[in-house]
Amino acid sequence: MYGMGGYGFGWFYDPTFILVIIGMVISMAASAYVKSTFNKFDKVKSRNNITGTKAAQFILESQGIHDVGVQAIAGDLTDNYNSGNKTLSLSQATAQSTSVAAIGVAAHECGHAVQDAKGYFPLRLRHAIVPIANIGTSISIPLILIGVLLRGSFLVNLGLIAFSLAFIFQLVTLPVEFDASKRAIKILADGGLLTEEEVPQARRVLFAAALTYVAAAVATLLQLLRLIILFGNNNRRN
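Broken down by element type, the protein carries eight helices and three strands. Beginning at the N terminus, the succession of helices and strands in the protein can be written as α-α-α-β-β-β-α-α-α-α-α. If you line up the protein on its principal axes, its C-alpha atoms span 70 × 35 × 25 Å. Put simply, the protein has 238 residues, and 47% of those count as buried. The long-range share in the protein, meaning contacts at least 24 apart out of those at least 6 apart in sequence, stands at 75%. Carbon and sulfur atoms form 64% of the exposed surface of the protein, whose accessible area is close to 11900 Å². Computing the positive centroid from 19 side-chain charges and the negative centroid from 14, the protein places the two 9 Å apart.

As structure tokens, then:
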């Protein structure tokens, strides 16, 4: 039977919570690394002296993409590409900056636009599972807690499956992000937007950014393992 001693509010503070802490540390370290790397190369102005916005517009044009708009948005490293409304949004730190870091980030987002234009399957798959993953994430813990209160293993297991959707989404995201960076570096090198000395610097910025997605996947996996350890032990006692 499910006892509140094993499943009640106390389970949030049991020894397995160390897995959550490890995940948080990994995520914070990755975030700090990408910020420090971006800041370092944000001080390196590109020899061609073009802004992130101009670089993005040039890249889109060179790739034959004419239906994607480029806009500036508030925030720091909030750059993103929205395939729904065909809009590439660049943060303030990217849009008007002429740094190697800014051009690299702008090129990365253009990489997503290229993926979209070419029908890159992992990107389509990620878009398809976003609503499912969001629903799974939002209902997973409530399902588990209700299962605990009602002493129902089915609801607990359903909650674990729902939570695993978040991890699946993180896994699908990895090839999408790495591929976008790969495309970006090739475009920057072939298009002459950056010099031979600047391309490796942009690559370092994009690699640091990619690590944040790896860290997110690891953190989510650790949380999932913690839930499985906790509720798996209780299932065996039934």
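Having seen it, we continue.
Glancing now at a nonpolar patch on the surface. A grouping of Ile18, Ile21, Ile22, Met24, Val25, Ile26, Met28 and Val218 is seen on the molecular surface, where their side chains present a nonpolar patch of about 650 Å² in accessible area. Ranked by residues supplied to the nonpolar patch, first place goes to helix H2 (residues 17–42) with seven residues. Owing to a relative accessible area of 53%, methionine 28 belongs among the exposed residues under this scheme.

Conventions adopted
- Residues numbered from 1 in each chain as written.
- Predicted model: local features only at pLDDT ≥ 70, side-chain atom pairs only at ≥ 80, totals over all residues.
- Heavy atoms only, no water.
- Helix = DSSP H or I, 4+ residues; strand = E, 2+ residues; numbered from the N terminus.
- Buried < 20%, exposed > 50% of the residue type's maximum accessible area, 1.4 Å probe, protein only.
- Contact = heavy atoms within 4.5 Å.
- Areas by Shrake-Rupley, 256 points an atom, 1.4 Å probe, with all protein chains shown as cover.
- Lys, Arg positive; Asp, Glu negative; His and termini not counted.
- Charge placed at Lys NZ, Arg CZ, Asp CG, Glu CD.
- Patch = residues over 30% accessible without salt bridge, like charges linked within 9 Å, V, L, I, M, F, W, Y side chains within 5 Å.
- Salt bridge = Lys/Arg side-chain N within 4 Å of Asp/Glu carboxyl O.

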